Amino acid sequence: QLGSVVIYLPQLLSRHAALLLAEVARQGPVSVLAGTTGRTPADADVVTSLAEMGLISSPPAGGPPGSVVSAAQTKILTTSDADDEVRAAVRRVVDAVRAGTPLDRIAVLHASPIPYGRLVHEQLTAAGIPTNGAAVVPLTARTAARTLLQLLALPERRFRRQDVFAWLAGAPLVHQGRSVPVAAWERLSREAAVVAGRDQWDRFLATLADRLTTDAGRLALDPDEPEWKATRSRAEAARANELRAFVLGVIDDLAQAASSPRSWGEHARWARERLDSLLGEADRRERWPEAERKAAERIALAIDRLAGLEAVEGPVDLAVFARTLQLELEADLGRTGRLGDGVLVGTIGLGTGLDLDLVVLLGLAEGTFPATPHDDSLLPDHERSRAGGELPLRAQRVHRQHRELLATLAGSAYQLLCLPRGDLRRSSERVPSRWLLELASHLAGERWFSADLRRAQVPWVNHVPSFDAGLRTLAFPATEQEHRLRSLLASAPRSGRGHLAEADDLVLASGAAVIEARRSALFTRFDGNLAGMNVPSPLERAMSSTRLEKWAACPFAYLLQYVLGVESVDNPEDELRMTAIDRGELVHLALERFIAGVLARPVDEQPGPDDAWSDTDRKELRRIGDDLCDDYEARGRAGRAVFWHRDRRSILADLDRFLGVDDARRRSNRTRPMATELQFGFESSTLGPASFPLTDGRVVYFRGKADRVDRSDDGTIHVVDYKTGRTNAYRELSQDNPDVRGTKLQLAVYGAAALQHRAAPGASVHAEYWFVSKKGDFKPIGFAITDDVLERVGCTLSTMVAAIEAGVFPPHPTDSSTSIWVDCPYCNPDALGVIELQRHWDRKRNDPALAPYAELTDPIEQIAVSDPDNPVGPVPSDDRAHGASNG
């Protein structure tokens, strides 16, 4: 028995639903409430549904479209872009709430989820206003879905390292009952030079684990190395093996799942098992946010629904299951919040049939509302029309949008219609929606066009010229950020510099202090001034020369790398060719092993100054080079194969040429090899540290390893440091400029260490860089180690040590701002240039705390005459080639 039935008909019903309701009407009284807009195209769906139920054959009467708005209840707002449009809308919501309007009587509706969906939720959240409505985060972006979908996508992407770790870092994955150590695994995979493919994950990680195990054994026997280093190497080796086993397990499991077609139920069970094993059992997920827990439940239901397809379809491939799951989850957007809790947020269609006090409509621009109709390439309208009305036509979407607009406006007491004048994301202008102009024409009592709306000066139209203008004219800020920015704008005209840094708002005061300090000519703590801090002194223990060279080149890089322990990251997938560091290391190892083998021979079999290297020697060096090239290739340090074939030939050619050049060098200098990798300053080395007295009476000590030491017939010691690059950065090096403003200390330090190795106290020492590659043309650059050289270097070191102890660590960018190479990853981490840092340096270099370092690196003789109208100080000249002055 049916009582009275009331049907609310907001939009088009399917033909089957209409016939069902018609049958219900024959069983008892039925009342149909059908809303109309007065526009025939917009009402077409409702009329069709009524006709299907046999109720009417012609459209019912309705009011004119403009009757849903009035000058007293409707406002039109134009802004510069969508972001400012949302900010202005949120301010209107805040004003309405302050006036007493309940949140559940307010709706903020948009014409398109992109970009409005996320913007509205973010701005309302920032204002502390709860929301409900359509979710802005699709189900595919939730933790459980990401875990499964990214796992299924890994084989197609060849298990690239960045994709594997994007998957591992995207969710709290579990391995062997504990959280996956993503950061440690990522560092190890980078060190192993894994790029992609099962073979690399297998071989490169195994090679790394073996090398770390070997290093642990060597470190345990080295008295100069602390015990913790050996312990760490063993732990890293175990972790590398763990990562290898985990990734290979994932690869093999996916390969088995994709090896042959399976039923939908088998694929579904496999997917559920993988989620449980990777994310943990249900009790572990209880700690997840509520939205993620609910999303995981919906994902499980979606997988179960796919399992039901085995009743209608046979076995399918894993790729088919993955694509179907992706589509199933994309279609399930879900909701956020509960209806009635907070402001309703969603598309304009959500406002149909609701009774609201205030509705804010966003994005009323042509192309967005109405959206440009596009035919479906798979099921075009001419095919849909053959379904007898069962499938909606794409061309009718415009009329449905018009109906949604008018129906939403009709159900609200007050309306704010918003128009973005442009799209700053695309640098384009926007024109008002045809329907917005229709409503504006009704309010104005005359026909309005786009230009009329843009220049309108009537009470019900408000133009916000820019974000800045909106802040200056707002009556009440919607968010804490707006409050602080408004305070900033309000106080700036009437206050001097430093006023905001003393504000009561700690956040505002801190931000203002940073900006004002960096804009000033003073060297402050925000520019690397660590005065008063406990900075480790270079005198506390024996230093390496390269470490102090780093400070001279860029104190900020020294601070991050050696004081704070922050290393720059080089991803193996970004390297197409063998890196300069790896190439240099390979050549150094080859020459070290070769010379060590020569020195291991009986003395009478070692070559003298007039003895050329034999064919046996050349074959031996070639064999060492080949072995090292094979080793670096096996470790993934050789770059891409297409470049490695050429680079390998180049390296081996340089090694072949080395012996010929060394013959000429030994004949010219009358020398013979004496030592290779000569250590000094280590507990196990026979030589003590190299020492340099400072001007204040203290001494700085160095330790290191000289690549090669030769002795001539007259007793002169020749210290050689191999270089495989170009000579450009070493051209200033000379007897009169032995350290190039502290950036080239190695030769002086190695020479000072070699003084201990002299057979006679009066024997001289000569130190040189030898560029053992075609790039450097096998050219030597060096000088004799004299008392004057040691004194000059000691003066430079005095300046450097005093500045480090005083906490001087400013960024010192290079002069080049257009190079494609990043000279200092600490000054230029995003590779976008250092122009702003250069300006800061030029502005602050005359501060007394910074002056010693500035004079060391940029001597005042190289700076142009000061500009009397420039309060900052000297202006850098166009030619900033460094001179030879040092401290």
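Above: the structure in question.
What about the overall build of the chain?
Okay, so step 1: Counting its secondary structure elements, the chain contains 29 helices and 21 strands.
Okay, so step 2: Whereas a compact globule of 887 residues would reach a radius of gyration of roughly 29 Å, the chain reaches 38 Å, over 25% beyond that.
Okay, so step 3: Here the chain holds 887 residues, and 44% of them are scored as buried.
Okay, so step 4: In the chain, the proportion of contacts linking residues at least 24 apart, taken out of those at least 6 apart, comes to 73%.
Okay, so step 5: When the accessible surface of the chain is summed, it comes to about 43,800 Å², and 52% of that surface belongs to carbon and sulfur atoms.
Okay, so step 6: Put simply, the chain has 107 plus and 123 minus side-chain charges, and the middle of one group is 2 Å from the middle of the other.

Focus: helix H13 (residues 318-331)
Okay, so step 1: Here H13 spans 20 Å end to end across 14 residues, near enough to the 20 Å set by a 1.5 Å rise per residue.
Okay, so step 2: Residues of H13 that are buried: Leu318, Phe321, Ala322, Leu325 and Leu329. The buried residues of H13 occupy one face: seen down the axis, they fall within an arc of 100 degrees. For H13, the exposed residues lying more than 90 degrees away from the buried face are Arg323, Leu327 and Ala331.
Okay, so step 3: Of the surrounding secondary structure, the elements contacted by the buried residues of H13 are helix H5 (143-153), helix H9 (227-257), helix H10 (264-279) and helix H12 (290-307).

What about the packing of aromatic side chains?
Okay, so step 1: Counted under the stated rule, the structure contains 18 aromatic pairs.
Okay, so step 2: Note on Trp448 and Trp460: the rings are 5.3 Å apart at their centroids and 25 degrees apart in plane angle, and the pair reads as stacked. You can see Trp448 sitting in the loop between helix H16 (434-444) and helix H17 (450-454) and its partner Trp460 sitting in the loop between H17 and strand E14 (461-463), a full 12 residues away along the chain. Accessibility assignment for this pair places Trp448 and Trp460 in one class, buried.
Okay, so step 3: Plain terms: the ring middles of Tyr558 and Phe809 are 6.0 Å apart, the flat faces sit at 5 degrees to each other, and that makes the pair stacked. With Tyr558 in helix H22 (residues 555-563) and Phe809 in the loop between helix H27 (787-805) and helix H28 (835-844), this pair connects stretches of sequence that are 251 residues apart. Residues Tyr558 and Phe809 agree in their burial class; the two are buried.
Okay, so step 4: When the ring centre of Tyr730 is taken as reference, the NZ or CZ atom of Lys744 above it lies at 5.0 Å.

Considering the packing of H5 against H12
Packed helices, taken two at a time, are described by the angle their axes make and the gap between the axes.
Okay, so step 1: Where H5 contacts H12, the axes come no closer than 7 Å and their chain directions differ by 45 degrees. As far as their axial angle goes, H12 and H5 are oblique. Facing H5, whose interface residues are Thr143, Ala144, Ala145 and Leu148, H12 presents Glu292, Ala296, Ile299 and Ile303.
Okay, so step 2: Considered class by class, the residues forming the contact of H5 with H12 number 6 nonpolar, 1 polar and 1 charged.

A few points about the sheet that holds strand E19 (residues 717-723)
Okay, so step 1: Spatial strand order, E15-E18-E19-E20-E21: 5 strands in an open sheet with mixed pairing. Two strands in the sheet have a free side with no partner beyond their single neighbour: strand E15 (671-680) and strand E21 (780-784). Across the sheet, the mean angle from the axis of one strand to that of its neighbour is 25 degrees, orientation sign disregarded.
Okay, so step 2: In the packing of helix H23 (residues 580-599) onto the sheet, contacts are made with E15, strand E18 (704-712) and E19, and the angle to E15 comes to roughly 115 degrees.

Considering the sheet that holds strand E5 (residues 131-134)
Okay, so step 1: Ordered by their spatial adjacency, 8 strands build an open sheet running E8-E5-E9-E4-E10-E11-E3-E14, and the pairing between neighbours is mixed. Two strands lie at the open edges of the sheet, namely strand E8 (335-336) and E14, each paired on one side alone.
Okay, so step 2: Of the pairings in the sheet, the one linking E5 to strand E9 (residues 343-347) comprises 3 bridges and is parallel in character. Its bridge partner lying in E9, Gly133 is registered against Val345.
Okay, so step 3: Lying over the sheet, helix H4 (residues 113-126) contacts strand E4 (106-110), E5, E8, E9, strand E10 (356-362) and strand E11 (412-420), oriented at roughly 165 degrees with respect to E9.

With respect to a nonpolar patch on the surface
Okay, so step 1: Taken together, the side chains of Leu378, Leu379 and Leu391 present a nonpolar region at the surface, about 290 Å² in accessible area.
Okay, so step 2: With respect to the helices and strands, the residue Leu391 is situated in the loop between helix H14 (381-384) and helix H15 (397-410).
Okay, so step 3: For Leu391, a relative accessible area of 36% translates into the label partly exposed.

Concerning the packing of H12 against H13
Okay, so step 1: Closest axis-to-axis distance for the H12/H13 pair is 10 Å, and the angle between their directions is 130 degrees. The orientation of H12 relative to H13 falls into the category oblique. Taken as a pair, H12 and H13 cross one another with a handedness that is right-handed. Side by side, H12 and H13 meet where Ile299, Ala302, Ile303, Arg305 and Leu306 of the first sit next to Phe321, Thr324, Leu325, Glu328 and Leu329 of the second.

Observations concerning the nonpolar core
Okay, so step 1: Residues Trp167, Leu168, Trp201 and Leu325 are the most contacted members of the largest nonpolar core, which totals 56 residues.
Okay, so step 2: If you list the elements that add at least two residues to this core, you get H5, helix H6 (161-169), helix H7 (182-191), helix H8 (198-221), H9, H10, H12 and H13.
Okay, so step 3: Leave out the neighbours within four places in its chain, and Trp201 touches Phe159, Arg161, Val164, Phe165, Ser189, Val194, Leu243, Arg244, Val247, Leu248 and Ile251.
Okay, so step 4: Ranked by size, the runner-up nonpolar core spans 54 residues in total, among them Leu548, Ala706, Ala767 and Ile781.

Quick notes on the pattern of salt bridges
Okay, so step 1: Under the definition given, this model contains 62 salt bridges.
Okay, so step 2: Measuring nitrogen to oxygen at the nearest pair gives 2.5 Å for the salt bridge that ties Glu242 to Arg178. Of the two residues, Glu242 sits in helix H9 while Arg178 sits in strand E7 (residues 178-179), which places them 64 residues apart along the sequence.
Okay, so step 3: Classification of Glu242 as buried rests on a relative accessible area of 15%.
Okay, so step 4: The partly exposed category is assigned to Arg178, whose relative accessible area is 40%.
Okay, so step 5: Here Arg665 and Asp662 are joined by a salt bridge, their closest N and O atoms 3.9 Å apart.

What about the pairing of E10?
Okay, so step 1: Buried residues dominate E10, accounting for 6 of its 7 residues.
Okay, so step 2: One ladder, built from 5 bridges, connects E4 with E10; its direction is parallel. Within E10, the position partnered with Val108 by the bridge is Val360.
Okay, so step 3: Strand direction decides the pairing type here: E10 and E11, joined by 5 bridges, are parallel. When the bridges of E11 are listed, Leu356 appears paired with Ser412.

A few points about the environment of Glu573
Okay, so step 1: Residue placement: Glu573 occurs in the loop between H22 and H23.
Okay, so step 2: Taking the relative accessible area as the measure of exposure, Glu573 reaches 14% and is therefore buried.
Okay, so step 3: At 3.1 Å, the side chain of Glu573 and the side chain of Arg161 are in polar contact.

Brief notes about the pairing of strand E16 (residues 690-693)
Each regular strand carries side chains that alternate between the two faces of the sheet.
Okay, so step 1: Here E16 shows a clear split, with Ala690 and Phe692 buried on one side and none of Ser691 and Pro693 buried on the other.
Okay, so step 2: When E16 meets strand E17 (residues 699-702), the two strands line up antiparallel, connected through 4 bridges. Across the sheet, the residue bridging to Ser691 is Tyr701, located in E17.
Okay, so step 3: The turn joining E16 and E17, which pair antiparallel and follow one another in sequence, is formed by 5 residues; a positive phi near 95 degrees is taken by Gly697.

Thoughts on unusual backbone geometry
Trans peptide bonds make up most of the peptide bonds, and negative phi angles are found at most residues other than glycine.
Okay, so step 1: Along the chain, Ile114 connects to Pro115 via a cis peptide bond; the corresponding omega equals 5 degrees.
Okay, so step 2: Within the secondary structure, Pro115 is located in helix H4.
Okay, so step 3: Here the phi dihedral of Phe778 falls at roughly 55 degrees; this positive angle occurs in a residue that is not glycine.
Okay, so step 4: In this fold, Phe778 is placed in the loop between strand E20 (765-771) and E21.
Okay, so step 5: Located in the positive-phi region is Ala831, a residue other than glycine, with phi close to 60 degrees.
Okay, so step 6: With respect to the helices and strands, Ala831 occurs in the loop between H27 and H28.

Points about the environment of Phe204
Okay, so step 1: Inspection of the secondary structure puts Phe204 in helix H8.
Okay, so step 2: For Phe204, a relative accessible area of 5% gives the class buried.
Okay, so step 3: Distance in space between the C-alpha atoms of Phe204 and Leu119 is 44 Å, their sequence separation being 85 residues.
Okay, so step 4: Ignoring sequence-local partners within four residues, the contact set of Phe204 consists of Ala192, Ala193, Val194, Asp199, Glu633, Ala634, Arg635 and Gly636.

Definitions and cut-offs
Residues numbered from 1 in each chain as written. Predicted model: local features only at pLDDT ≥ 70, side-chain atom pairs only at ≥ 80, totals over all residues. Heavy atoms only, no water. Helix = DSSP H or I, 4+ residues; strand = E, 2+ residues; numbered from the N terminus. Rg over C-alpha atoms; globule rule 2.2 N^0.38 Å. Buried < 20%, exposed > 50% of the residue type's maximum accessible area, 1.4 Å probe, protein only. Contact = heavy atoms within 4.5 Å. Areas by Shrake-Rupley, 256 points an atom, 1.4 Å probe, with all protein chains shown as cover. Lys, Arg positive; Asp, Glu negative; His and termini not counted. Charge placed at Lys NZ, Arg CZ, Asp CG, Glu CD. Expected span 1.5 Å × (residues − 1). Arc of directions from axis to C-beta. Phe/Tyr/Trp six-rings, centres within 6.5 Å; stacked < 30°, edge-to-face > 60°. Lys NZ or Arg CZ within 6 Å of the ring centre and 35° of its normal. Axes fitted to C-alpha atoms, helices over the stretch in contact; angles between N-to-C directions. Parallel < 35°, antiparallel > 145°, perpendicular 65-115°, else oblique. Nonpolar A, V, L, I, M, F, W, Y, C, P; charged D, E, K, R; others polar. Pairing = 2+ DSSP bridges. Patch = residues over 30% accessible without salt bridge, like charges linked within 9 Å, V, L, I, M, F, W, Y side chains within 5 Å. Salt bridge = Lys/Arg side-chain N within 4 Å of Asp/Glu carboxyl O. Left-handed = near helix turned anticlockwise from the far one by under 90°. Core = buried A, V, L, I, M, F, W, Y, C linked by side-chain atoms within 4.5 Å. Polar contact = N/O pair within 3.5 Å; in protein donor to acceptor, adjacent residues only side chain to side chain.

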